[in-house]
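One-letter residues, chain by chain:
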Amino acid sequence: MTVRGRIFVGAGVLVGLIGMTLGLADLTKVGVLLVALPLLASLLTRRDIAIEVHRSLSPGRVPIDGHSDVTLAVRNTGRRTSPLLRGEEGLAYALGDRPRLLVPSLEAGEVRRLTYRVRSHVRGHHPVGPLTVRVTDPFGMATRSAAVPGEAALVVLPRVVPLTPVRGAPAGGGGESSSSPRMALQGEDDVGVREYRIGDDLRRIHWRSTARTGETMVRQDEEPARRRALVLLDDRAQGHAGTGNGGSFEWSVTTVASVITQLLGERFDVHLCLASDETGRVAPVEGIDHALDQLAAVQPSATTSARGIVEALDEFAQHGGGLVVAVLGALDETSADVCAARTAHGLALVIDKGGFTDRSNVPGAADDTSDRLALGGWRTVVVRPGDRIQQLWEQLTAGRMVRS
């Protein structure tokens, strides 16, 4: 019942009491009528709202700051004409204010389409719906709200910045192109060799050719396999400072999205793993859309252990290994040493959480993690506020050992 309806009820009760006290039957009838009108209005608004809503988004996947048009197809599933409805669409906070819609009266089976636009500055899988409708009697004395089932989701993808190719990998040629010429060795007609590239398995090194040429050479089989890469994202909340667009977590997600896009473009078989996944399962991403959808949903995890990173490195090494690119928070000494021992083909961007909080350049845990990984053969860089992803990537892939 609305405020107006409550006022009518209160006034009706008061007028009826005065009429009964003074013995004025007509005044008492007026009081009864004032009370009856809101009650009757309440009964009218209690009838079923027989509508259904189908929702579509165009497009359903957008970049940050991109627009999407949401279309609601509202259909009257009842046998009678539906009343005029005022609706409010449910939206995730990141999509802005909830739009208010006016649904006109619909004949039985009639469909009306309503469209509005949303925009998000925040990466994620954002729910859209359900639609809450409100029916009010003609006199505005009673109202009732009901949620119409049906939801959709808008996928807001992480930002992707262009990166330079991995050093030694021809763009689009894959790790070991089947068109590469074979270099026959004396007495070994069935084996070819080529120069070592980042990501090649150390077990493929051909020591005789390496000793003869002075360059690290690896075997090239007759049916070469594509290079493999493992991309690690440390999603532990304790390793980051801030979750907004200026925080280290969003910087890390953008970096991982950019790296995966670049490696897939170079025809790597890319595997994505999160620190919060302690199963050790390393499965290849099915494509750039699949990878970006995964990253759109990533949020800081309460996990404090680095076990997921270690398990992923073990699993990856057991299946042939390859290039490892890790965006990490600071690790404890033991975890850093174990990671350093798992592979010699690591590229690590270590987040300086302290730098993102107090903006100081005092060496801290991130520098120690970087040093320990570097001792194991990794190429490392410490990430501080204001650092550009492209510059750090160029430094890592150019083969320079960097200290920030």
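The structure presented is a predicted model; accordingly, all values stated were derived computationally and were not measured.

J.: Lay out the sheet that holds strand β3 (residues 67-76) in plain terms, naming residues and giving numbers.
T.: A sheet is described by the order of its strands in space; here three strands give the open sequence β1-β3-β6, paired in antiparallel fashion. Only two strands of the sheet have a single partner each, and these edge strands are β1 (51-58) and β6 (111-119). Strand-to-strand twist of the sheet, defined as the mean angle between neighbouring strand axes without regard to direction, takes the value 20°. The sheet contact formed by β1 and β3 spans eight bridges and is antiparallel. Paired with V53 across the bridge in β3 is V74.

J.: Report on the side chain of T380, specifying residues and quantitative values.
T.: Residue position: T380 is located in strand β16 (residues 379-383). By relative accessible area, which is 0% here, T380 ends up buried. Side chain to side chain, T380 and S370 meet in a polar contact 2.7 Å long.

J.: Any details on the confidence of the model for the protein chain? Residues and values, ideally.
T.: Across the protein chain, the average pLDDT comes to 83, with 87% of residues at 70 or higher. Contacts for the low-pLDDT stretch residues 168-190, under 50 throughout, to residues beyond four places or in other chains number 44 contacts. Ignoring residues within four places in sequence, the model shows residues 400-404, a span with pLDDT below 50, making 16 contacts including any to other chains.

J.: Got a sec to walk through the pattern of salt bridges? Specific residues and values, please.
T.: In total, this model carries 19 salt bridges according to the counting rule given. Between D69 and R117 there is a salt bridge, with its nearest N and O atoms 2.9 Å apart. Taken together, the residues span a long stretch of sequence, with D69 in strand β3 and R117 in strand β6 at a distance of 48 residues. Assessed through its relative accessible area of 54%, R117 is described here as exposed. Beyond isolated ion pairs, a larger network of salt bridges with shared partners links E333, D337, D368 and R372.

J.: Please set out the nonpolar core residue by residue, giving values where relevant.
T.: V256, I260, L263, L295, L323 and L349 are the most contacted members of the largest nonpolar core, which totals 37 residues. Top element by residues in this core is helix α4 (residues 248-265). It accounts for eight residues. Among residues more than four places away in sequence, those in contact with L295 are R123, P158, L233, V253, V256, A257, I260 and L272. Counting 26 residues, the second-largest nonpolar core is a separate cluster that includes V53, V62, L72 and L131.

J.: Now, about unusual backbone geometry: what can you tell me, with residues and values included?
T.: Omega for the peptide link from S58 to P59 comes to -5°, which places this bond in the cis form. As for its position among the elements, P59 is in the loop between β1 and β2 (61-63). Note the cis peptide between G129 and P130, where omega equals 0°. With respect to the helices and strands, the residue P130 is situated in strand β7 (residues 124-136). Look at R267: it is not a glycine, yet its phi comes out positive at around 65°. With respect to the helices and strands, R267 occurs in the loop between α4 and β13 (269-274).

Calculation criteria
Residues numbered from 1 in each chain as written. Predicted model: local features only at pLDDT ≥ 70, side-chain atom pairs only at ≥ 80, totals over all residues. Heavy atoms only, no water. Pairing = 2+ DSSP bridges. Helix = DSSP H or I, 4+ residues; strand = E, 2+ residues; numbered from the N terminus. Axes fitted to C-alpha atoms, helices over the stretch in contact; angles between N-to-C directions. Buried < 20%, exposed > 50% of the residue type's maximum accessible area, 1.4 Å probe, protein only. Polar contact = N/O pair within 3.5 Å; in protein donor to acceptor, adjacent residues only side chain to side chain. pLDDT = per-residue confidence, 0-100. Contact = heavy atoms within 4.5 Å. Salt bridge = Lys/Arg side-chain N within 4 Å of Asp/Glu carboxyl O. Core = buried A, V, L, I, M, F, W, Y, C linked by side-chain atoms within 4.5 Å.

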